Amino acid sequence: RKEVEQDPGPFNVPEGATVAFNCTYSNSASQSFFWYRQDCRKEPKLLMSVYSSGNEDGRFTAQLNRASQYISLLIRDSKLSDSATYLCAVNIGVRAGRRALTFGSGTRLQVQP
Amino acid sequence: DTAVSQTPKYLVTQMGNDKSIKCEQNLGHDTMYWYKQDSKKFLKIMFSYNNKELIINETVPNRFSPKSPDKAHLNLHINSLELGDSAVYFCASSPYVLAGQGWVDTQYFGPGTRLTVL
(Lines give C-alpha, C1' and ligand atoms only; values in the text may rest on other atoms or scores of the structure.)
Protein backbone atom coordinates (compact mmCIF):
# COMPACT_ATOMS: atom_id res chain seq x y z
CA ARG A 1 0.00 0.00 0.00
CA LYS A 2 1.35 3.45 -0.89
CA GLU A 3 1.98 5.81 2.03
CA VAL A 4 -0.22 8.51 0.52
CA GLU A 5 -2.88 7.72 -2.06
CA GLN A 6 -4.96 9.94 -4.28
CA ASP A 7 -7.32 9.36 -7.16
CA PRO A 8 -5.30 10.57 -10.17
CA GLY A 9 -8.40 11.80 -12.02
CA PRO A 10 -8.72 13.70 -14.24
CA PHE A 11 -11.74 15.42 -12.79
CA ASN A 12 -13.45 17.37 -15.55
CA VAL A 13 -15.97 19.82 -14.12
CA PRO A 14 -17.85 22.86 -15.49
CA GLU A 15 -17.16 26.33 -14.17
CA GLY A 16 -19.09 27.02 -11.01
CA ALA A 17 -19.18 23.38 -9.93
CA THR A 18 -18.15 22.09 -6.52
CA VAL A 19 -15.49 19.40 -6.56
CA ALA A 20 -13.99 17.34 -3.76
CA PHE A 21 -10.74 15.38 -3.55
CA ASN A 22 -9.81 12.81 -0.96
CA CYS A 23 -6.42 11.55 0.05
CA THR A 24 -5.63 8.63 2.37
CA TYR A 25 -2.43 8.10 4.34
CA SER A 26 -1.13 4.92 5.91
CA ASN A 27 1.11 6.13 8.75
CA SER A 28 -0.92 6.92 11.85
CA ALA A 29 2.08 8.84 13.26
CA SER A 30 1.65 11.52 10.58
CA GLN A 31 1.56 14.97 12.14
CA SER A 32 1.20 17.61 9.45
CA PHE A 33 -1.00 17.62 6.40
CA PHE A 34 -1.04 19.87 3.37
CA TRP A 35 -2.60 20.45 0.01
CA TYR A 36 -0.30 21.76 -2.70
CA ARG A 37 -1.23 22.93 -6.16
CA GLN A 38 1.07 22.25 -9.11
CA ASP A 39 0.61 23.85 -12.50
CA CYS A 40 2.12 22.25 -15.58
CA ARG A 41 5.92 22.52 -15.58
CA LYS A 42 5.92 24.56 -12.35
CA GLU A 43 6.83 23.91 -8.74
CA PRO A 44 4.30 22.78 -6.13
CA LYS A 45 2.82 25.75 -4.30
CA LEU A 46 1.19 25.52 -0.91
CA LEU A 47 -2.58 25.80 -1.16
CA MET A 48 -3.38 25.21 2.47
CA SER A 49 -2.33 23.38 5.59
CA VAL A 50 -4.90 20.99 7.00
CA TYR A 51 -5.78 21.09 10.68
CA SER A 52 -7.78 18.73 12.84
CA SER A 53 -10.48 21.34 13.27
CA GLY A 54 -10.77 21.83 9.51
CA ASN A 55 -9.97 25.09 7.81
CA GLU A 56 -11.36 27.28 5.11
CA ASP A 57 -9.75 29.81 2.79
CA GLY A 58 -12.22 31.48 0.47
CA ARG A 59 -13.62 28.86 -1.88
CA PHE A 60 -11.34 26.14 -0.48
CA THR A 61 -12.09 23.97 2.53
CA ALA A 62 -9.79 21.30 3.92
CA GLN A 63 -10.70 18.61 6.43
CA LEU A 64 -8.69 16.02 8.33
CA ASN A 65 -10.12 12.75 9.63
CA ARG A 66 -7.47 11.13 11.83
CA ALA A 67 -9.62 8.14 12.74
CA SER A 68 -10.04 7.15 9.10
CA GLN A 69 -6.68 8.58 8.06
CA TYR A 70 -7.78 10.76 5.22
CA ILE A 71 -7.78 14.41 4.28
CA SER A 72 -10.09 16.15 1.88
CA LEU A 73 -10.16 19.30 -0.20
CA LEU A 74 -13.39 20.93 -1.33
CA ILE A 75 -13.39 23.60 -4.03
CA ARG A 76 -16.57 25.60 -4.43
CA ASP A 77 -17.56 27.70 -7.44
CA SER A 78 -14.73 26.32 -9.60
CA LYS A 79 -12.89 28.77 -11.82
CA LEU A 80 -10.98 28.06 -15.01
CA SER A 81 -7.86 29.13 -13.13
CA ASP A 82 -8.35 26.26 -10.67
CA SER A 83 -7.27 23.82 -13.38
CA ALA A 84 -4.10 22.20 -12.04
CA THR A 85 -2.84 19.10 -10.26
CA TYR A 86 -3.61 19.00 -6.55
CA LEU A 87 -1.06 17.17 -4.42
CA CYS A 88 -1.78 15.83 -0.99
CA ALA A 89 1.26 15.84 1.32
CA VAL A 90 1.86 14.32 4.73
CA ASN A 91 4.70 14.86 7.20
CA ILE A 92 5.56 12.31 9.87
CA GLY A 93 7.32 15.09 11.72
CA VAL A 94 10.12 15.75 14.12
CA ARG A 95 9.11 13.12 16.65
CA ALA A 96 9.98 10.47 14.11
CA GLY A 97 13.19 12.34 13.28
CA ARG A 98 11.88 13.14 9.85
CA ARG A 99 10.78 16.47 8.48
CA ALA A 100 10.06 15.71 4.87
CA LEU A 101 6.85 15.52 2.93
CA THR A 102 5.47 12.33 1.49
CA PHE A 103 3.34 13.21 -1.51
CA GLY A 104 0.46 11.53 -3.20
CA SER A 105 0.63 11.16 -6.96
CA GLY A 106 -1.71 14.11 -7.43
CA THR A 107 -5.24 14.62 -8.71
CA ARG A 108 -5.66 16.42 -11.99
CA LEU A 109 -8.51 18.95 -12.16
CA GLN A 110 -9.70 20.42 -15.44
CA VAL A 111 -12.38 23.11 -15.18
CA GLN A 112 -14.31 23.51 -18.42
CA PRO A 113 -15.91 26.79 -19.62
CA ASP B 1 13.21 38.87 -3.81
CA THR B 2 13.00 35.21 -4.87
CA ALA B 3 12.43 32.97 -1.85
CA VAL B 4 13.91 29.66 -3.04
CA SER B 5 15.99 29.80 -6.19
CA GLN B 6 17.70 27.08 -8.20
CA THR B 7 20.21 27.09 -11.01
CA PRO B 8 20.22 26.04 -13.71
CA LYS B 9 16.58 25.84 -14.72
CA TYR B 10 17.34 23.41 -17.55
CA LEU B 11 20.24 20.99 -17.80
CA VAL B 12 20.83 18.78 -20.84
CA THR B 13 23.86 16.51 -20.70
CA GLN B 14 25.32 13.25 -21.88
CA MET B 15 25.36 9.99 -19.98
CA GLY B 16 28.43 9.58 -17.83
CA ASN B 17 28.92 13.30 -17.18
CA ASP B 18 29.04 14.92 -13.73
CA LYS B 19 26.79 17.90 -13.03
CA SER B 20 25.71 20.12 -10.13
CA ILE B 21 22.51 21.94 -9.27
CA LYS B 22 22.55 24.87 -6.85
CA CYS B 23 19.86 26.00 -4.46
CA GLU B 24 19.59 29.08 -2.28
CA GLN B 25 16.86 30.29 0.06
CA ASN B 26 16.57 33.75 1.58
CA LEU B 27 13.75 32.88 3.97
CA GLY B 28 15.96 32.20 6.98
CA HIS B 29 14.68 28.61 7.19
CA ASP B 30 16.68 26.01 9.07
CA THR B 31 15.93 23.00 6.88
CA MET B 32 16.42 22.41 3.17
CA TYR B 33 15.46 19.49 0.94
CA TRP B 34 15.94 17.91 -2.44
CA TYR B 35 12.97 16.23 -4.11
CA LYS B 36 12.84 14.37 -7.40
CA GLN B 37 9.78 14.39 -9.67
CA ASP B 38 9.91 11.66 -12.28
CA SER B 39 8.17 11.37 -15.64
CA LYS B 40 5.04 10.02 -13.93
CA LYS B 41 4.94 13.26 -11.87
CA PHE B 42 5.58 11.40 -8.62
CA LEU B 43 7.39 13.70 -6.19
CA LYS B 44 9.75 11.98 -3.77
CA ILE B 45 12.16 13.15 -1.05
CA MET B 46 15.84 12.52 -1.66
CA PHE B 47 17.68 14.43 1.09
CA SER B 48 17.10 16.91 3.84
CA TYR B 49 19.57 19.08 5.76
CA ASN B 50 18.96 20.84 9.03
CA ASN B 51 21.46 23.59 9.88
CA LYS B 52 23.99 22.05 7.49
CA GLU B 53 23.54 18.56 8.97
CA LEU B 54 22.24 15.68 6.84
CA ILE B 55 18.99 14.45 8.37
CA ILE B 56 17.36 12.36 5.68
CA ASN B 57 19.07 10.30 3.02
CA GLU B 58 16.49 8.21 1.24
CA THR B 59 17.40 5.27 -0.96
CA VAL B 60 19.32 7.32 -3.46
CA PRO B 61 22.34 6.04 -5.41
CA ASN B 62 25.60 7.29 -3.93
CA ARG B 63 26.27 9.02 -7.26
CA PHE B 64 24.09 11.76 -5.75
CA SER B 65 25.86 13.85 -3.14
CA PRO B 66 24.27 16.84 -1.44
CA LYS B 67 26.41 19.58 0.06
CA SER B 68 25.33 22.37 2.35
CA PRO B 69 27.99 25.06 2.75
CA ASP B 70 25.68 27.08 4.98
CA LYS B 71 22.08 27.22 6.15
CA ALA B 72 20.95 29.14 3.08
CA HIS B 73 22.46 26.85 0.44
CA LEU B 74 22.02 23.22 -0.52
CA ASN B 75 23.68 21.94 -3.67
CA LEU B 76 23.26 18.61 -5.40
CA HIS B 77 26.12 16.99 -7.26
CA ILE B 78 25.48 14.01 -9.51
CA ASN B 79 28.29 11.80 -10.79
CA SER B 80 28.19 9.49 -13.80
CA LEU B 81 24.75 10.55 -14.96
CA GLU B 82 22.42 7.84 -16.23
CA LEU B 83 19.35 7.98 -18.47
CA GLY B 84 17.13 7.21 -15.48
CA ASP B 85 18.30 10.37 -13.72
CA SER B 86 16.23 12.45 -16.15
CA ALA B 87 13.64 14.19 -14.01
CA VAL B 88 12.77 17.51 -12.44
CA TYR B 89 14.70 18.19 -9.24
CA PHE B 90 13.09 20.54 -6.73
CA CYS B 91 14.80 22.21 -3.83
CA ALA B 92 12.65 23.24 -0.87
CA SER B 93 13.07 24.85 2.51
CA SER B 94 11.04 25.02 5.70
CA PRO B 95 11.07 26.76 9.07
CA TYR B 96 9.91 25.13 12.26
CA VAL B 97 7.51 27.50 13.93
CA LEU B 98 4.89 27.32 16.60
CA ALA B 99 1.56 28.45 15.22
CA GLY B 100 -1.97 28.37 16.56
CA GLN B 101 -2.48 24.74 15.62
CA GLY B 102 0.91 23.50 16.84
CA TRP B 103 4.36 23.18 15.30
CA VAL B 104 4.31 23.79 11.57
CA ASP B 105 7.06 23.23 9.07
CA THR B 106 5.47 24.21 5.79
CA GLN B 107 7.77 23.65 2.85
CA TYR B 108 8.39 26.15 0.06
CA PHE B 109 9.67 24.93 -3.27
CA GLY B 110 12.10 26.34 -5.77
CA PRO B 111 11.18 26.52 -9.47
CA GLY B 112 12.84 23.19 -10.28
CA THR B 113 15.71 22.05 -12.49
CA ARG B 114 14.69 19.97 -15.48
CA LEU B 115 17.51 17.49 -16.07
CA THR B 116 17.65 15.58 -19.35
CA VAL B 117 20.29 12.91 -19.79
CA LEU B 118 20.93 11.86 -23.39
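A quick note: this is a predicted structure, and the numbers were derived from the prediction, not measured.

1. Some words on empty space enclosed by the protein
Residue and element names in this part refer to chain A.
In step 1: Applying the stated criterion across every chain, the model contains one cavity of 30 Å³ or more.
In step 2: Taken as a whole, the largest cavity spans an internal volume of roughly 40 Å³.
In step 3: Glu3, Val4, Tyr25, Asn27, Ser30, Val90, Ile92 and Thr102 together form the lining of the largest cavity.
In step 4: Here the residues of the lining of the largest cavity sort into four nonpolar, three polar and one charged.

2. Here's the deal with the layout of surface pockets
In step 1: Each pocket or cavity is described by its volume, and for the largest pocket that value is around 480 Å³.
In step 2: Contributing to the lining of the largest pocket are 26 residues, with Cys40, Arg41 and Lys42 of chain A together with Lys41 and Arg114 of chain B lying nearest its centre.
In step 3: Listing elements by their share of the lining of the largest pocket, those giving two or more residues are β9 (84-93) of chain A together with β9 (87-94) and β13 (113-117) of chain B.
In step 4: Counting residues per element, the lining of the largest pocket draws most heavily on β13 of chain B, at four residues.
In step 5: By residue class, the composition of the lining of the largest pocket is eight nonpolar, nine polar and nine charged.

3. Examining the sheet that holds strand β6 (residues 55-57) of chain A
All names here are of chain A.
In step 1: Judged by pairing direction, the sheet is antiparallel, and its five strands sit side by side in the order β1-β3-β8-β7-β6 without closing on themselves. Of all the strands in the sheet, just β1 (4-6) and β6 have a single pairing partner and so form its edges. Neighbouring strand axes in the sheet, compared pairwise and without regard to direction, differ in orientation by 20° on average.
In step 2: As judged from the six bridges shared by strand β3 (residues 19-25) and strand β8 (residues 70-75), these two strands associate in the antiparallel manner. When the bridges of β8 are listed, alanine 20 appears paired with leucine 74.

4. Thoughts on the state of the cysteines
In step 1: Applying the stated criterion across every chain yields a total of two disulfides over all chains.
In step 2: In this model cysteine 23 of chain A forms its disulfide with cysteine 88 of chain A; the gap between the sulfur atoms is 1.9 Å. Looking along the S-S bond of the cysteine 23 of chain A-cysteine 88 of chain A disulfide, the torsion reads about -65°, which is the left-handed sense. Of the two residues, cysteine 23 of chain A sits in strand β3 while cysteine 88 of chain A sits in strand β9, which places them 65 residues apart along the sequence.
In step 3: Across the disulfide from cysteine 23 of chain B sits cysteine 91 of chain B; the S-S distance is 1.9 Å.

5. A few points about the interface of chain A and chain B
In step 1: Between chain A and chain B, the residue contacts involve 23 residues of the former and 26 residues of the latter.
In step 2: For the pair chain A and chain B, the two sides together bury roughly 2000 Å², of which 51% comes from carbon and sulfur.
In step 3: Between the two partners, chain A and chain B, sit zero salt bridges.
In step 4: At the junction of chain A with chain B, the criterion picks out three residue pairs in polar contact (both at pLDDT 80 or more).
In step 5: Contributions of two or more residues to the side of chain A that touches chain B are made by β4 (32-38), β5 (45-50), β9 and β10 (98-103) of chain A.
In step 6: Considering each element in turn, the side of chain A that touches chain B owes the most residues, five residues, to β10 of chain A.
In step 7: The class makeup of the residues in the side of chain A that touches chain B is 10 nonpolar, eight polar and five charged.

Procedures and definitions
Residues numbered from 1 in each chain as written. Chains lettered and ligands numbered in written order. Predicted model: local features only at pLDDT ≥ 70, side-chain atom pairs only at ≥ 80, totals over all residues. Heavy atoms only, no water. 1 Å grid on protein atoms, 1.4 Å probe; cavity = no way out; pocket = protein on both sides within 12 Å on 5 of 7 lines; lining within 4 Å. Points joined across faces, edges and corners; volume = space filled by probe spheres on them. Nonpolar A, V, L, I, M, F, W, Y, C, P; charged D, E, K, R; others polar. Helix = DSSP H or I, 4+ residues; strand = E, 2+ residues; numbered from the N terminus. Pairing = 2+ DSSP bridges. Axes fitted to C-alpha atoms, helices over the stretch in contact; angles between N-to-C directions. Disulfide = S-S within 2.5 Å. Contact = heavy atoms within 4.5 Å. Buried area = accessible area lost by both parts, 1.4 Å probe. Salt bridge = Lys/Arg side-chain N within 4 Å of Asp/Glu carboxyl O. Polar contact = N/O pair within 3.5 Å; in protein donor to acceptor, adjacent residues only side chain to side chain.

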